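The residues making up each chain are set out below.
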Amino acid sequence: MSTADDRALKAEAEIGRINAFFPILPRLGNRWAASRPWEGRVLALNLHLTTLTGALIQELSLGGGTFLVSAANPATTDPGTVQFLRNQGIEVYTGGDMEDRHQQVLNHRPSMLVDVGFDLIHALLEKRPDLVPQITGAVEVTRSGITRLRQRKNLPFPMMNINDGRLKNAVENRHGVGEAFWQAVSRLTGMHLSGRRAAVVGYGPVGRGLAAYARAAGLNVEVVERDPVRRLFAHYDGFPTPSLSEALSRAHLLVTGTGARHVVTAADLGSARDGLVLANAGHGGDEIDVHGIQRAAIRVDQIAEHVVRYRLDSNARVTLLGNGHPLNIVLNSGSPEPVLLQFAVLGLALEYLATQSVAPGELLVPDAIEDAAAALALESLEPS
Ligand SMILES: NC(=O)c1ccc[n+]([C@@H]2O[C@H](COP(=O)([O-])OP(=O)(O)OC[C@H]3O[C@@H](n4cnc5c(N)ncnc54)[C@H](O)[C@@H]3O)[C@@H](O)[C@H]2O)c1
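Here the structure is a predicted model, which is why all the values come from computation and not from measurement.

Summing up its helical and strand segments, the chain has 15 helices and 14 strands in all. For 384 residues, the compact-globule estimate of 2.2 N^0.38 gives 21 Å, and the C-alpha radius of gyration of the chain, at 22 Å, lies within 12% of that figure. Overall, the chain is about 65 × 45 × 45 Å in size when its C-alpha atoms are taken along their principal axes. When each of the 384 residues of the chain is scored for burial, the buried share is 49%.

Moving on to the domain arrangement of the chain. Under the domain assignment, the chain is made up of domain 1 (4–161 + 336–381) and domain 2 (169–330). Computed from C-alpha atoms alone, the centre-to-centre distance between domain 1 and domain 2 is 34 Å.

As for its placement among the helices and strands, Val277 is situated in strand E10 (residues 276–280). Measuring from C-alpha to C-alpha, the distance between Val277 and Ser335 comes to 23 Å, with 58 residues separating the pair along the chain. Non-local contacts of Val277, meaning those with residues more than four positions away in its chain, are made with Met191, His252, Leu253, Leu254, Thr319 and Leu321.

Next up on the list: the pattern of salt bridges. Under the counting rule described, the total for this entry stands at 21 salt bridges. Across the salt bridge formed by Arg128 and Asp130, the nearest N and O atoms sit 3.0 Å from each other. For Arg128, a relative accessible area of 16% translates into the label buried. It is possible to trace a salt-bridge network through shared partners that takes in Arg143, Arg150, Asp164 and Glu362.

If you walk across this open sheet you meet the 7 strands as E8-E7-E9-E10-E13-E12-E11, and the pairing is mixed. Each edge of the open sheet carries a strand with a single partner, namely strand E8 (220–224) and strand E11 (299–304). Sheet twist, expressed as the mean angle between neighbouring strand axes with direction ignored, is 20°. The pairing of strand E7 (residues 197–201) with E8 spans 5 bridges and is parallel. Considered in E8, the bridge of Ala198 is made with Val221. Against the sheet, helix H8 (residues 166–189) engages E7, strand E9 (253–256), E10, strand E12 (307–311) and strand E13 (317–321), with an angle of about 135° to E9. Contacts between helix H9 (residues 205–216) and the sheet are confined to E7, E8 and E9, with E8 contributing the most and set at about 165° to the helix.

Attention now goes to the layout of surface pockets. Its boundaries defined by the atoms lining it, the second largest pocket holds a volume of some 370 Å³. Contributing to the lining of the second largest pocket are 19 residues, with Gly202, Glu225, Arg226, Gly257 and Thr258 lying nearest its centre. Breaking the lining of the second largest pocket down by element, the ones donating at least two residues are H8 and H9. Residue classes in the lining of the second largest pocket are distributed as 8 nonpolar, 8 polar and 3 charged.

Let us now look at the pairing of E11. Two faces, one strand: in a regular strand the side chains alternate between the faces of the sheet. Relative to E12, E11 is paired through 5 bridges, and the arrangement is antiparallel. Bridge pairing links Val300 to Tyr310 in E12. With antiparallel pairing between neighbouring strands as the criterion, E11 and E12 make up a hairpin whose turn holds 2 residues, including His306 at a positive phi of roughly 70°.

This part covers the site of the ligand. Taken together, 24 residues sit near the ligand, with Val206, Glu225, Arg230, Ala281 and Asn328 positioned nearest. Interatomic distance of 3.5 Å between a side-chain N/O atom of Asn173 and an oxygen atom of the ligand. Glu225 is positioned such that a nitrogen or oxygen atom in its side chain is 2.5 Å from an oxygen atom of the ligand. Among the cavities detected, the one that contains the ligand is the second largest pocket. When residues of the shell around the ligand are traced back to their parent elements, those giving at least two are H8, H9 and helix H13 (327–330).

On to the sheet that holds strand E5 (residues 137–140), then. To summarise the sheet geometry, strands pair through backbone hydrogen bonds and adopt either a parallel or an antiparallel arrangement. With parallel pairing, the 7 strands of this open sheet are ordered in space as E3-E2-E1-E4-E5-E6-E14. Among the strands making up the open sheet, the edge pair consists of strand E3 (91–93) and strand E14 (361–364). Pairs of neighbouring strands in the sheet enclose a mean axial angle of 20°, with direction left out of account. Where strand E1 (residues 42–47) and strand E2 (residues 66–71) come together, 6 bridges link them in parallel fashion. By the bridge assignment for E2, Val42 is matched with Thr66. Sheet strands in contact with helix H5 (residues 98–106) are E1, E2 and E3, and its direction is about 175° off that of E2.

Turning our eyes to something else, we now look at the packing of aromatic side chains. According to the stated counting rule, one finds 4 aromatic pairs in the structure shown. Centre to centre, the rings of Phe181 and Trp182 are 4.8 Å apart; their planes meet at 85°, and the pair counts as edge-to-face. Trp182 sits in the buried class, given a relative accessible area of 4%.

On to the side chain of Glu287, then. As for its position among the elements, Glu287 is in the loop between E10 and helix H12 (290–296). Of the side chains bearing the opposite charge, Arg226 lies closest to the buried Glu287, which forms no salt bridge; the N-O distance is 10.0 Å. Within the structure, the side chain of Glu287 is placed 2.8 Å from the side chain of Thr258, a separation counted as a polar contact. Polar contacts involving the side chain of Glu287 include one to the main-chain amide nitrogen of His283, which spans 2.8 Å. Those residues in contact with Glu287, other than ones at most four positions away along the chain, are Thr256, Gly257, Thr258, Gly259, Ala260, Arg261, His262, Val263, Val264, Asn280 and Gly282.

Each value, and the rule that gives it
Residues numbered from 1 in each chain as written. Predicted model: local features only at pLDDT ≥ 70, side-chain atom pairs only at ≥ 80, totals over all residues. Heavy atoms only, no water. Helix = DSSP H or I, 4+ residues; strand = E, 2+ residues; numbered from the N terminus. Rg over C-alpha atoms; globule rule 2.2 N^0.38 Å. Buried < 20%, exposed > 50% of the residue type's maximum accessible area, 1.4 Å probe, protein only. Domains from an automatic or database assignment. Contact = heavy atoms within 4.5 Å. Salt bridge = Lys/Arg side-chain N within 4 Å of Asp/Glu carboxyl O. Pairing = 2+ DSSP bridges. Axes fitted to C-alpha atoms, helices over the stretch in contact; angles between N-to-C directions. 1 Å grid on protein atoms, 1.4 Å probe; cavity = no way out; pocket = protein on both sides within 12 Å on 5 of 7 lines; lining within 4 Å. Points joined across faces, edges and corners; volume = space filled by probe spheres on them. Nonpolar A, V, L, I, M, F, W, Y, C, P; charged D, E, K, R; others polar. Near = heavy atom within 4 Å. Polar contact = N/O pair within 3.5 Å; in protein donor to acceptor, adjacent residues only side chain to side chain. Sits in = over half its atoms within 2 Å of the grid points. Phe/Tyr/Trp six-rings, centres within 6.5 Å; stacked < 30°, edge-to-face > 60°. Lys, Arg positive; Asp, Glu negative; His and termini not counted.

Dropping the structure here:
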């Protein structure tokens, strides 16, 4: 059984490895150590506590100020990262219920906030309105947080939306998911992808990446897309665009990336070829109607962790990976670079809010911030 300090050392080593190959955050850390943009401020961060977040907070804390952290979700809290941050003198709240963690952070009277999902900002607005006058700025990282923000009128301080900029769609949704998903499929199944036939359902940024990385791995790829414009894009990118039932009748692998519910149901699988492997790379856990498939199955075999094979009425065997949850997230697969790039945008957003005068309300991440993050990424990727 490893001790908390052993786990912290492991997290620290992992952060060192990440920074060794894509040093975008240490470059920012050097800059913040010199300019100290949050000197004298208290910053509250509600984030998923992975080693990548540890890498971010390590660099942010070089810029002065006091940092307080709450865990956004127990399921995404790495104990090694928590201990690593505590060893750096940062207060990290992981216990109690969510409400409780937020209140503990807010008791330190922060003046800047970072949130995933608008939970911390919501807690401040509802439970600690006395703190509102001292908030100089907040950053929201996720689409769900932006949606919650927009349901609310008259936000009394500036909140930067870093989800809807140019970089996230182009880098994380497209390249990040595309690369990570197929890596996860190989890891779980041991299948060599080359020469097999794959169907990608949905041709937004996520679907485009899935299709491109599948082709690069040697798969024969088809795209199922309901929007005619995007179907045309898929055609000109060189992919056949059959109906779902046609694609199912010949695919070895089918992946959903649509954001829509029940895109593949038990009834659809009536036309599936025997041996189909099915997985999701899109939203939540319901793009594939897992419950419907479970109900319709005449036999269920757990092949391995995250790998369940169903025998259907038609006698076809269909193997579901990751129980229909986004597979790259279930396996935490793929390169950390897209998230690190987004964290660089986050840090630059905080720097902007700490140094500029900004009107209350939602503010889309300014082009200058994404330009700066892209330039830093290029310096890290292609050092001169
Ligand atoms: N796995 C991850 O790590 C990860 C990362 C980023 C985004 N996402 C999620 O992936 C999903 C897709 O993201 P996006 O940016 O490509 O979204 P998008 O909305 O731009 O594209 C989705 C596409 O799916 C198509 N579609 C919807 N229902 C369909 C159906 N029944 N059949 C065929 N096509 C259908 C739409 O027409 C659209 O073109 C979103 O839910 C997003 O939240 C996942």
